[in-house]
Amino acid sequence: MANVKDYIQMPNENIDMIAATSVLQQQAGEIRNKPINWASYMQSQMISPEDFQCITSLDTSKSGYMQANPSQSVKTLLNLLSHVSKDSTIQYILVMIDDLLQEDRVHVAYFHDYANKRKEHIWGPFLNLLNRQDGFIVHMSSRIIAKLACWGTENIPKSDLNFYLQFLKDQLTIHCKAYLKDMADLAKRVQTVVVMHTHGHHHGHGHGHGHGYNLQGSHHDQAHQQHETYREFNVEQQIANAENKTIIPANEYIQSVARCLQMMLRVDDYRFAFVSVDGISTLVRILSSRVNFQVQYQLVFCLWVLTFNPLLATKMNKFSVIPILADILNDCAKEKVTRIILAVFRNLIEKPTDPQVAKEHCIAMVQCKVLKQLSILEQRRFDDEDISADVEYLTQRLQNSVQDLSSFDEYATELRSARLEWSPVHKSAKFWRENAQRLNEKNYELLRILVHLLETSKDPIILSVACFDIGEYVRHYPRGKHAYISVLEQLGGKQIVMQLLGHEDPNVRYEALLAVQKLMVHNWEYLGKQLEKENENQKQTSAPITGKA
């Protein structure tokens, strides 16, 4: 189960419980206030008198009745779930179960005990409900599964666990895609209004002057009106307003899904299962798109609880967690998002057992401009002491790592982060003289990354820098070592550089041309050396035999 140490360091869950599941909670409130006519169910013999007596007692005194009759209560609730098919009734039963679990965690044990005595799994009925059409039923069942899995003494079995985590992961992806599409549509609608509004303004303006615009004032007035228009129809503001009103159906349950994950990932056994269904890359992918700050907070929280495991903290940046979180830190205005990102960064340095990994994480943060953000944060006053402590700790660790940073460490980290830019190290001839051969280490790891960036990146700066680096690698490679240049060809590097000669960006074309020239020079020199060798061999074989006494 979860490490006791972890709980001490984690903030009180209930604080964001309400905010995080507000849509689900609002609906639950409405469902609670619509009591079910159980008598009609009994009259039509859909439920037994025993279940009728129990459910009506639970209706009047939930917690009290359950504590007095735990086994009967669980039996009736599960019976009703399996025998009733009407959505509104199932919704009501699920809200009752969730309320019982929320009121007292002892009630979780009642469900487990009942299932164990009957040699059954408690998970089945709720996992089946994940396939229903009704969104509320699906997500309330999911919430109950998370509570049963995290608040009891029994772990969810492996096959059910993988199914459930895959469900949560898929739900996040689906909701996120739909949410982003709705956001894009909303932005388009707002921009259409902006354009029409601007057009309307100009149209009116023209009529006021008989024949079109007054030429002297037109540019100034036009600019002024456009400015006014954009002030009235601020796209960002409209989107923010829409987010706050939760009018976007796709986003309705994403917070509830994230909430379940927040609970599940506190348990160490569940963390590895989540990683094995490719969970981290899903979180990172969603965080790299534009989701609202509440979802951002929850998903970063999930990454944070994962980093309490030293092994996962060590592997985490293989998923580009540091660059993505650094970007969010740069843009974010919400204190709770700032706090949780700093806590992840701190764990990425403190938790790995290998000091080299901690050092690599520090360098990655430096390269993602985290030090600059920390100095901005230092100037701000925070109510939360944790933020100030983390800012101080991170600033010190990152500054120390900069001092003993070799230029090769810096280059390797920049390359691994897939964020190449014209940092000083690229243009240093001394760097390339000393380090060109090191691109071949670990089975050509860095050379492969360079070629991969050339293949996959759409960013003209990354493509320009990668072309330049390939050229420098070739230019500074020890003469006569042609084998390594053929490795470049085998990896497809030479062909891609040739293709980039036709790239739309002039800087990319220029750097690709320089790289091709360096490759040609190397090939000519190599060819020249080969010819010299052949000449030498011929001279030796055809040399006249002269004997001297």
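In this report, we go over the structure that sits alongside the text. (Residues numbered from 1 in each chain as written. Predicted model: local features only at pLDDT ≥ 70, side-chain atom pairs only at ≥ 80, totals over all residues. Heavy atoms only, no water.)

**A few points about the overall build of the chain**
Move 1: Scanning the chain from N- to C-terminus turns up 31 helices and 0 strands.
Move 2: Within the chain, the fraction of its 549 residues that count as buried is 49%.
Move 3: Residue pairs at least 24 apart in sequence account for 75% of intrachain contacts in the chain once pairs closer than 6 positions are excluded. (Helix = DSSP H or I, 4+ residues; strand = E, 2+ residues; numbered from the N terminus. Buried < 20%, exposed > 50% of the residue type's maximum accessible area, 1.4 Å probe, protein only. Contact = heavy atoms within 4.5 Å.)

**A word on the side chain of Thr89**
Move 1: The topology assignment puts Thr89 in helix α8 (residues 87–103).
Move 2: In this view, Thr89 contacts Ile36, Trp38, Tyr41 and Val84; residues no more than four positions away in its chain are not counted.

**Focus: a nonpolar patch on the surface**
Move 1: On the surface, a nonpolar cluster with roughly 240 Å² of combined accessible area is contributed by Met498, Leu501 and Leu513.
Move 2: Take Met498: it is sitting in helix α30 (residues 493–499).
Move 3: A residue is classified by how much of its surface remains accessible, and Met498, at 40% relative accessible area, is partly exposed. (Patch = residues over 30% accessible without salt bridge, like charges linked within 9 Å, V, L, I, M, F, W, Y side chains within 5 Å. Areas by Shrake-Rupley, 256 points an atom, 1.4 Å probe, with all protein chains shown as cover. Salt bridge = Lys/Arg side-chain N within 4 Å of Asp/Glu carboxyl O.)

**Remarks on helix α24 (residues 385–403)**
Move 1: In a regular helix each residue adds 1.5 Å, so 19 residues correspond to 27 Å; α24 covers 28 Å between its end C-alpha atoms and thus fits that length.
Move 2: Among the residues of α24, Ile387, Asp390, Val391, Tyr393, Leu394, Thr395, Leu398 and Ser401 are the ones counted as buried. (Expected span 1.5 Å × (residues − 1).)

**Focus on the side chain of Ser141**
Move 1: Structurally, the position occupied by Ser141 is in helix α11 (residues 135–150).
Move 2: We classify Ser141 as buried; its relative accessible area is 0%.
Move 3: When sequence neighbours within four positions are dropped, the list of residues in contact with Ser141 reads Leu94, Phe126, Leu129 and Leu130.

**As for the environment of Leu261**
Move 1: Along the chain, the position of Leu261 falls in helix α15 (residues 254–264).
Move 2: Judged by relative accessible area, which is 0%, Leu261 ranks as buried.
Move 3: Separated by 37 residues in sequence, Leu261 and Gln298 place their C-alpha atoms 8.7 Å apart.

**A few points about the packing of helix α7 (residues 70–83) against α8**
Move 1: As a packed pair, α7 and α8 sit with axes 10 Å apart at the nearest point and diverge in direction by 150°. With respect to each other, α7 and α8 are oriented roughly antiparallel. As for the relative orientation of α7 and α8, their crossing is left-handed in sense. Across the interface between the two elements, Leu77, Leu80 and Leu81 from α7 touch Ile90, Ile93, Leu94, Met96, Ile97 and Leu100 from α8. (Axes fitted to C-alpha atoms, helices over the stretch in contact; angles between N-to-C directions. Parallel < 35°, antiparallel > 145°, perpendicular 65-115°, else oblique. Left-handed = near helix turned anticlockwise from the far one by under 90°.)

**Quick notes on the packing of aromatic side chains**
Move 1: Considering all chains together, one arrives at 10 aromatic pairs under this definition.
Move 2: Here the aromatic rings of Tyr411 and Trp432 are separated by 5.5 Å at their centres, their planes lie at 75°, and the arrangement is edge-to-face. In this pair, Tyr411 is assigned in helix α25 (residues 407–416) and Trp432 in helix α26 (residues 429–435), connecting sequence segments 21 residues apart.
Move 3: For Trp432, a relative accessible area of 0% puts it in the buried group.
Move 4: On the basis of an interplanar angle of 80° and a centroid distance of 5.2 Å, the ring pair of Phe431 and Trp432 is categorised as edge-to-face.
Move 5: Grouped by ring-pair contacts, the aromatic residues Tyr297, Phe301, Trp304 and Phe308 constitute a single cluster.
Move 6: Its end group placed over the ring of Phe293, Lys334 keeps NZ or CZ at 4.4 Å from the ring centre. (Phe/Tyr/Trp six-rings, centres within 6.5 Å; stacked < 30°, edge-to-face > 60°. Lys NZ or Arg CZ within 6 Å of the ring centre and 35° of its normal.)

**A few points about unusual backbone geometry**
When glycine is set aside, most residues are seen to have a negative phi, and most peptide bonds are trans.
Move 1: Even without being a glycine, Gln45 presents a positive backbone phi close to 60°.
Move 2: By the secondary structure assignment, Gln45 is in the loop between α4 (38–43) and α5 (49–60).
Move 3: Classification of Gln45 as exposed rests on a relative accessible area of 72%.

**Brief notes about the pattern of salt bridges**
Move 1: Counting across every chain of the model gives 19 salt bridges.
Move 2: Note that Glu50 and Lys75 form a salt bridge whose closest N and O atoms lie 3.6 Å from each other. Taken as a pair, Glu50 in helix α5 and Lys75 in helix α7 lie far apart in primary sequence, 25 residues in all.
Move 3: With a closest N to O distance of 3.0 Å, Glu445 and Arg416 form a salt bridge. Residue Glu445 is found in helix α27 (residues 441–456), and its partner Arg416 is found in helix α25; the two are separated by 29 residues along the sequence.
Move 4: Several salt bridges share partner residues, and in doing so they unite Asp98, Arg143 and Lys147 into one network.

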